Amino acid sequence: MIKDWLQESNYTVIFTGAGMSTESGLPDFRSANKGLWKQHDPSKIASIDALNNNVDTFIDFYRERVLKVKEYGPHQGHYILAEWEQQGLVHSIITQNVDGFHQASGSKIVHELHGTLQKLHCQSCGKEYSSGEYVDNEYHCDCGGVLRPSIILFGEMLPQEAFQTAFQDAEKADLFIVLGSSLTVSPANQIPLIAKESGARLIIVNQEPTPYDQYADMTIHDQKIGVFLQAVANEGKG
Ligand code: APR
């Protein structure tokens, strides 16, 4: 049935959260057992305040995440989404993730709401570096400033352009599929609602209930994302 919805839809938008990358080996943030924010206080780690006043802990945490992103990579589910874009079944992906796995698996239109771990920039002069500097234990810019990942920290301005295009895509969507987000962080969590209010069919695939399940046309809590995507990809195959 979902493959039918995909084929009937003229403008399908996928919205992903950290649950999209747990099957690659990356922890998410709020899962009961292994979520990152179950072990660390995000305000002391993932905030502009942490960068300014706790820089060694900040860099240790993000160097670890950069190394993990380089060690792991996209899983089959990422590749299925990229294939659906190639086949014209998916228009774009809106992601809260910073691992770059959608682009690495071939997806072309990806709106990164929270930036990316694939790049670093100098906190003082803004000069950009590849995240490989963290692998080489380089944490300072030529100007002497601190290098930090080009992700959006709590307390920082959100990337207006990424959000604008994400809102526009949500308004145009006639099928909107959420994959692996607790939908607890605003304003990103408003985007599925905008899609629904603009007339889209809304599917939420998430191992735990979300606050927006009540607005969904279909919720899937008992299937991991990788299994779900593979099952839809196999629909209609003999
Ligand atoms: N299949 C389906 N659902 C999964 C899977 C999986 N394989 N793995 C995890 N999940 C679900 C979890 O149950 C959880 O509800 O994915 C959800 C991930 O939610 P969060 O950990 O809150 O991640 P996310 O919604 O992306 O967080 C949003 O919070 O800290 C900020 O900037 C950070 O972008 C992040 C934002």
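Residues numbered from 1 in each chain as written. Predicted model: local features only at pLDDT ≥ 70, side-chain atom pairs only at ≥ 80, totals over all residues. Heavy atoms only, no water.

1. Looking at the site of the ligand
The condition is simple: Neighbouring residues are identified by heavy atoms, a residue being near a molecule or strand if any of them is within 4 Å of it. Within 3.5 Å is the distance limit for a polar contact, defined as a pair of N or O atoms, with the added protein rule that one can donate a hydrogen and the other accept it, and that residues adjacent in sequence qualify only through two side-chain atoms. Only the protein chains shown count as cover for residues, with accessible areas throughout obtained via the Shrake-Rupley method and a probe of 1.4 Å.
In the vicinity of the ligand lie 22 residues, with F29, R30, W37, S181 and S182 positioned nearest. A distance of 2.7 Å is found between an oxygen atom of the ligand and a side-chain nitrogen or oxygen belonging to S181. In isolation the ligand exposes 740 Å². Once the protein is present, 96% of that is buried.

2. Some thoughts on the UniProt feature "active site" (unreviewed entry) in the chain
Stated formally: UniProt positions are given in the numbering used here, feature names are shortened, and annotations may be inferred rather than shown by experiment. A run of H or I in DSSP becomes a helix once it reaches four residues, and a run of E becomes a strand once it reaches two; helices and strands are each numbered from the N terminus. The criterion used for residue contact is that any of the two residues' heavy atoms lie within 4.5 Å.
When the UniProt feature table is mapped to this numbering, "active site" (unreviewed entry) covers H114. In this fold, H114 is placed in the loop between β3 (110-112) and β4 (115-122). Here H114 is in contact with T95, Q96, V98, I151, I152, L158 and A188, once residues within four sequence places are set aside. One polar contact links the side chain of H114 to the main-chain carbonyl oxygen of Q96, over a distance of 3.4 Å.

3. Notes on the packing of aromatic side chains
The geometry of two aromatic rings is summed up by the distance between their centres and the angle between their planes. Rule in force here: Note on aromatic pairs: the rings of Phe, Tyr and Trp (six-membered ring only in Trp) are paired at centre separations within 6.5 Å, and the planes decide the class, stacked below 30 degrees, edge-to-face beyond 60, tilted for the rest. Three exposure classes are used, based on accessible area relative to the maximum for each residue type with a 1.4 Å probe and protein chains only: buried under 20%, partly exposed in between, and exposed over 50%.
The full count for this structure, using the stated rule, is eight aromatic pairs. With a centroid separation of 6.0 Å and 25° between ring planes, the pair formed by W37 and F61 is classed as stacked. Of the two residues, W37 is situated in helix α2 (residues 36-39) and F61 in helix α5 (residues 55-71); the sequence distance between them amounts to 24 residues. You'll find W37 and F61 in the same group, each marked buried. Each ring, one from F163 and one from F167, has its centre 6.0 Å from the other, and the planes form 55°; the classification is tilted. Highlighted residues: F163 and F167, both in helix α9 (residues 160-172), separated by four residues, approximately one helical turn. Overall, the relative accessible area of 22% leaves F167 in the partly exposed class. Members of the aromatic cluster, each reached through a chain of ring pairs, are F29, W37, F58, F61 and Y62.

4. Overview of helix α11 (residues 225-234)
To keep it simple, the criterion reads: The arc in question is the one spanned by the directions pointing from the helix axis to the C-beta atoms.
Every buried residue belonging to α11 is among I225, G226, F228, L229, V232 and A233, and all of these are buried. Taken around the axis of α11, the buried residues stretch over an arc of 165°, which confines them to a single face. Those residues of α11 hidden inside the fold are in contact with α1 (2-8), α6 (76-86), β7 (175-179), β8 (201-205) and β9 (218-220). The positive-phi residue at the C-terminal boundary of α11 is G236, with phi of around 85°.

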